[in-house]
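Residue-level listing of the chains:
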Amino acid sequence: MKSFLLSIFISFVGIYGYAQNYEIKGIVVDASGSPLPGVSIVVKNTLKGTSTGFDGDFILSNVQKGETLVFSYLGFVTKEIVINDDSLLNVTLTEDTQSLDEVVVVGYGTQKKREVTGAVSVVDSQTLEDLKPVKMEQALQGTVSGVNVTTTSGAPGSDINIRIRGIATNGDNKPLTIIDGYIGELGLLNPNDVETITVLKDAQAAIYGSTGANGVILITTKMGKKNSKAKISYNTYYGFQETSKKLNVLNATEYAALLNESYVSGGAQIPFPNISGLSKGTDWQDEVFETNVPIVSHDITMTGGSDKITYAISGSHLDQEGIIGGKKSGFLRNTARISLGAELSDKLKLKSNVIYTYFNRETLPEGGNASVLLNAVNSPSTLAPYDANGDYTVFPIGNLGNEMINPLAQIANTYNDYNFKKLNGNFGLDYTLMEGLVLSSSIGFNTSNSESKSFAKIVDYGGKVFDVARSSVNQNAINNNDYSFDIYATYTKQIDDDHKIVGTLGNTIFKEWGNGLYATGYDIPNNSWSNADISLANGAPAPGVIPVSSYTFDERKLSYFGRLQYDFRGKYLLSAMIRRDASTKFGPGNKVGYFPSFTAGWILSDESFFGESKVLNFLKLRGSYGTLGNDRIPTNGYISQLSGEATYVFDGALINGVATGQIPNPNLKWEEARKFDVGIDLKLLDNKVGVVADYFIDTRADLLIPFIPTSGILGPGAPGAASPTINAGTVKNSGLEFSVDYKNNFTDDFSINVAYNVTFLKNEVTEINGTEFIEGGVFGISQPAPSRMEVGQPIGYFYGYKTDGIFQNQNEVDAHPSQIALGAESAPGDFRYLDTNNDGVIDVNDRTNIGDPIPEATMGLNLQFNYKSFDFSMYTFASVGNDMVRNYESIYPDANNLNYVLDRWTGEGTTNSTPRVTTAASVNNVFSTYYVEDASYVRIQNIQLGYTFNPDLLEKIGVDKLRLYTSANNLYTFTKYRGYDPGASSGAPIGGGIDDGFYPIPRTYMVGLNINF
């Protein structure tokens, strides 16, 4: 009996030991270490659970060892943790960028990702944190399919071009940027203030009507979260910059030997009888490029919220010096932002966001013959930077031309300063009139003031065109303002479980106005930058010169818009939009434009016939078609204005006056974009793999083209006058976008995210009215324009001569059609050009398509790995099939050359690609395929390695998160292009892709710190 009772007792003890209950405590945070209030915590397969409090903390009692806790929160990946002997849990949830319930901003509203029926892409704040872009535009390169980003220069603060689905117009191709509901400027934002970037690429953008033809970029800035304590985030990095590339030019010995050969070939006396002691001479690129150039950034943000109020306050400072000239090409930017959201009542909500931006930028001459870099590349390596007195060496005139000057002297004597201040933001109210009906209103504003100053000091470069005999200062002051007022109602109605209707109806008022003042002062005291101000200038302008000018403008739009979205059983999705815009840029008969669009989607994976698939989790087909507008032309093009110049005779004397300017066109109307898109969205392998594919056709009709030739009787050639702007062309872009990403958390310690996207694009001009072609761009000196817009060709294609090898002997010269029309008699060693029209003569009529600056394909490959406390990311971008014109080489005989000329023709059979060198007249400098290169490239944009310290250790010192990282931007570019940057472009639709010696994008090595309190 005792044994039986003892057995029962031991059994009860064993059962109690097995079923012992625990009290589990812990905290739940996001990837940045911020507490997450309201996280659902449930014991798996039970109803037992709780949720996190204000500080992300929780307590859950009566939990048994071996049970599983499920942590779930909207927008984050659900996490499961098996209970062991640990009673204290620190749980980190990661954002679920794959979630189909993720909310996407689509313009005047939001949609769940699964419901989106347009071509929409999103870049999140994690990508911005990885890339560390100086300017926001850089974050879109390689991360979004269909978007191509090119730099106009690597100089700090330079403009960056964004093209969504190609170049559609020969005017302004810049997409519209909307910041929290108001029109803003992407490049002025502090990247750390941005939560998401949403790109609307198709007819989904039609809700923005006349401003959405080039695509729309929607920016959502960071906000505080409800019921969260104040969180302070401080981010900083310090970096060193250097040039990412140097061109391979001839050293002094190579230069002198080649120049001697050139003079002999031209029948002249050699300039260097003895080259044995020249050695390598001066490397002018080393002289102008600086190393270890600093860049520093500081950013601090405070966010938080209560049950009724959320807030975000931030400030940032960026200081970047240039790799040429240091501070003389530097950029400094300061920003401050305050964002506030408040529930004023159960029905009324307030939202506001105000941003202040200040930047200062100093610049050096870039592009063309005035470029510092062009002078450095072409300066003879036999010349020293300084003379015997320590002064800058004065370059001889003669065979170096009258434009090439000492680049170090040019840097020292250049003074350009630009200051910009801007205040922008919005204030909005949402009022719930009744269940499902919300009335929203918002007023957005931008007001900016800028001042610029350039000083031309008295300087003698030895008889060059850049000599300054009289000092002067140019000063400009510009004020620009705009406001927009939006009011719209959104009605949401769920009917049974099958039907959901969302209707939006609204009105927008937009006004933009501003003025500018330009003035020049002469004879600056002491010829000094410190005295360079009009108030101190004491000289009068030359007779007939008017040293001041000004302008004012006032533009307005009145718009009405509506959108109806219908959802049947969550799998049949329809949307229709229309917008009516009226603009003051067009005449009375064409002020109003209507822009309708339609989108549809079908979620096949929700159909009963689809069945359950272990591989395919989600499948959606979608399509869209719509019309959008563009009105980005100068004001008042439909009326005549007195903006021209003329000279009149009064009482026998010549008097300067004004005259009509650009010839008016009262028939001006909207440029129209017709967008068609069909796409497919897939989720595979337990939603770990996402695939998005789109085929699109974007046809831009009634292009607003300026300067179409007109009758000379109308006087377009008079000073200040010009040919009219007319609707005169059509451009078609078509292509395929494909993106795939794989994201998987293999364990709590290891996760991976791999994303790839590619875009194939074809561009074609289908119509031009009033002329056969439109020219643009500059090549060489006094040569015909190298770029054209012409029917049947891509916009801005290169137009020149095709080479057909090199004449090896006089017999080949004699047997070929004469090339004398190109400017000189041909000789052995010269290029042989194709007679494309077979008329027996080589002349201007033999020019043809010799290249295209638009890439055939662009792609991005981006990797992210996380292992325990370490994180690694790499972002790459590639452009394939884009051509670029080599226009940074001087035509003057004594200029230096790139070292590829060492493989020049020196006699019969030596080469068939690089012509002879000679001082004599030749046909080798005309624009031809010789100067057009394949500029395809692959670029490692960013590599970053970070380490996050254990939060348990940090908690003791009151720190939520501490992360250290090191990164490299613009690490390496793989390309065969000889110039500095194969991805640079002036941005001009006709004339882009011509390389005048682009300032290279610096390579930057950085160390940084992220800390949250």
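Residues numbered from 1 in each chain as written. Predicted model: local features only at pLDDT ≥ 70, side-chain atom pairs only at ≥ 80, totals over all residues. Heavy atoms only, no water.

1. Considerations on the nonpolar core
With 56 residues, the main nonpolar core has V288, I324, F798, L822, Y833, V885 and F927 as its most contacted residues. For this core, the secondary-structure elements that each account for two or more residues are α3 (252-265), α4 (284-288), α5 (372-378), α6 (407-412), β42 (831-833) and β46 (883-886). Sorting elements by how many residues they give to this core places α3 first, with 5 residues. The residues touching V288, leaving out its near neighbours within four places in the chain, are I323, I324, G325, L373, A376, P407, L408 and I411. Within the second largest apolar cluster, 23 residues are counted, among which are L131, V144, V147 and I197. (Core = buried A, V, L, I, M, F, W, Y, C linked by side-chain atoms within 4.5 Å. Buried < 20%, exposed > 50% of the residue type's maximum accessible area, 1.4 Å probe, protein only. Helix = DSSP H or I, 4+ residues; strand = E, 2+ residues; numbered from the N terminus. Contact = heavy atoms within 4.5 Å.)

2. Here we look at α3
Since the α-helix turns once every 3.6 residues, residues separated by three or four places project in the same direction. Over its 14 residues, α3 runs 20 Å from end to end, which matches the ideal 20 Å to within 8%, given 1.5 Å per residue. Restricting attention to buried positions, one finds in α3 the residues A252, Y255, A256, L258, L259, N260, S262 and Y263. Where α3 starts, the residue carrying a side-chain oxygen 3.1 Å from the main-chain nitrogen of T253 turns out to be N251. Positive backbone phi, approximately 80°, marks G267, located one or two places after α3. (Expected span 1.5 Å × (residues − 1). Polar contact = N/O pair within 3.5 Å; in protein donor to acceptor, adjacent residues only side chain to side chain.)

3. Concerning the pairing of strand β15 (residues 194-200)
For β15, a buried count of 6 out of 7 residues is recorded, marking the element as mostly surrounded by other parts of the structure. In the sheet, strand β10 (residues 120-124) pairs with β15 via 5 bridges, with the strands oriented antiparallel. Its bridge partner being in β15, V123 is matched across the sheet by I197. Across 6 bridges, the pairing between β15 and strand β16 (residues 216-221) is antiparallel. Paired with V194 across the strands is T221, a residue of β16. (Pairing = 2+ DSSP bridges.)

4. Re the sheet that holds strand β47 (residues 932-934)
Across the sheet, which stays open at both edges, the 3 strands sit in the order β47-β46-β50 with mixed pairing between neighbours. Looking at strand neighbours, the two that pair on one side only are β47 and β50 (994-995), the edges of this open sheet. In the sheet, β46 pairs with β47 via 3 bridges, with the strands oriented antiparallel. For M884, the partnering residue across the bridge sits in β47 and is E933.

5. So, the packing of aromatic side chains
One pass over the full model with this rule turns up 39 aromatic pairs. Note on Y518 and Y551: the rings are 6.1 Å apart at their centroids and 35° apart in plane angle, and the pair reads as tilted. Of this pair, Y518 sits in strand β25 (residues 499-522) while Y551 is found in strand β26 (residues 548-568), placing the two residues 33 residues apart along the sequence. In this structure Y518 comes out as partly exposed when scored by relative accessible area, which is 28%. Look at Y801 and Y833: their rings are 5.6 Å apart centre to centre, the planes differ by 55°, and that puts the pair in the tilted class. Here Y833 lies in strand β42 and Y801 lies in the loop between β40 (797-800) and β41 (803-806), a separation of 32 residues in the sequence. (Phe/Tyr/Trp six-rings, centres within 6.5 Å; stacked < 30°, edge-to-face > 60°.)

6. Side note on empty space enclosed by the protein
Inspection of every chain in the model, using the stated rule, returns 7 cavities of 30 Å³ or more. Of the pockets and cavities examined, the largest cavity occupies roughly 560 Å³. In terms of lining residues, the largest cavity is bounded by 32 residues, among which Q138, T151, N969, N970 and I1001 are the most central. Of all elements in the fold, only β11 (147-151), β48 (937-948), β49 (961-975) and β51 (1002-1012) reach the threshold of two or more residues within the lining of the largest cavity. A total of 4 residues in the lining of the largest cavity trace back to one element, the largest contributor, which is β48. A breakdown of the residues in the lining of the largest cavity according to their chemical character gives 13 nonpolar, 15 polar and 4 charged. The calculated volume of the second largest cavity comes to roughly 440 Å³. (1 Å grid on protein atoms, 1.4 Å probe; cavity = no way out; pocket = protein on both sides within 12 Å on 5 of 7 lines; lining within 4 Å. Points joined across faces, edges and corners; volume = space filled by probe spheres on them. Nonpolar A, V, L, I, M, F, W, Y, C, P; charged D, E, K, R; others polar.)

7. A look at the sheet that holds strand β39 (residues 787-790)
The strand order across the open sheet formed by 4 strands is β38-β39-β40-β43, and the pairing between neighbours is antiparallel. Strands with a single pairing partner mark the edges of an open sheet, and in this sheet they are β38 (773-776) and β43 (848-851). Adjacent strand axes in the sheet meet at a mean angle of 50°, parallel and antiparallel pairs treated alike. One ladder, built from 2 bridges, connects β39 with β40; its direction is antiparallel. Following the sheet pairing, S787 is matched in β40 by F798. (Axes fitted to C-alpha atoms, helices over the stretch in contact; angles between N-to-C directions.)

8. A closer look at the UniProt feature "domain: TonB-dependent receptor plug" (unreviewed entry) in the protein chain
Residues given the UniProt feature "domain: TonB-dependent receptor plug" (unreviewed entry) here are residues 112-216. Between the C-alpha atoms that bound residues 112-216 the distance is 19 Å, and the span itself is 7% helix and 29% strand. (UniProt positions renumbered as here; feature names shortened; annotations may be inferred.)

9. Examining a nonpolar patch on the surface
On the surface, F427, I443, Y483, I509, W513, L558 and Y560 cluster together to form a nonpolar patch covering roughly 590 Å² of accessible area. Mapped onto the nonpolar patch, the elements with two or more residues apiece are β25 and β26. Following the sequence through the fold, F427 ends up in strand β22 (residues 415-434). Classification of F427 by relative accessible area gives partly exposed; the value is 42%. (Patch = residues over 30% accessible without salt bridge, like charges linked within 9 Å, V, L, I, M, F, W, Y side chains within 5 Å. Areas by Shrake-Rupley, 256 points an atom, 1.4 Å probe, with all protein chains shown as cover. Salt bridge = Lys/Arg side-chain N within 4 Å of Asp/Glu carboxyl O.)

10. Things to note about the pattern of salt bridges
Summed over the entire model, instances satisfying the criterion amount to 47 salt bridges. Across the pair E321 and K327 runs a salt bridge whose closest N-O atoms are separated by 3.4 Å. A relative accessible area of 52% places K327 in the exposed class. For D430, the salt bridge identified is with K351, shortest N-O distance 3.6 Å.

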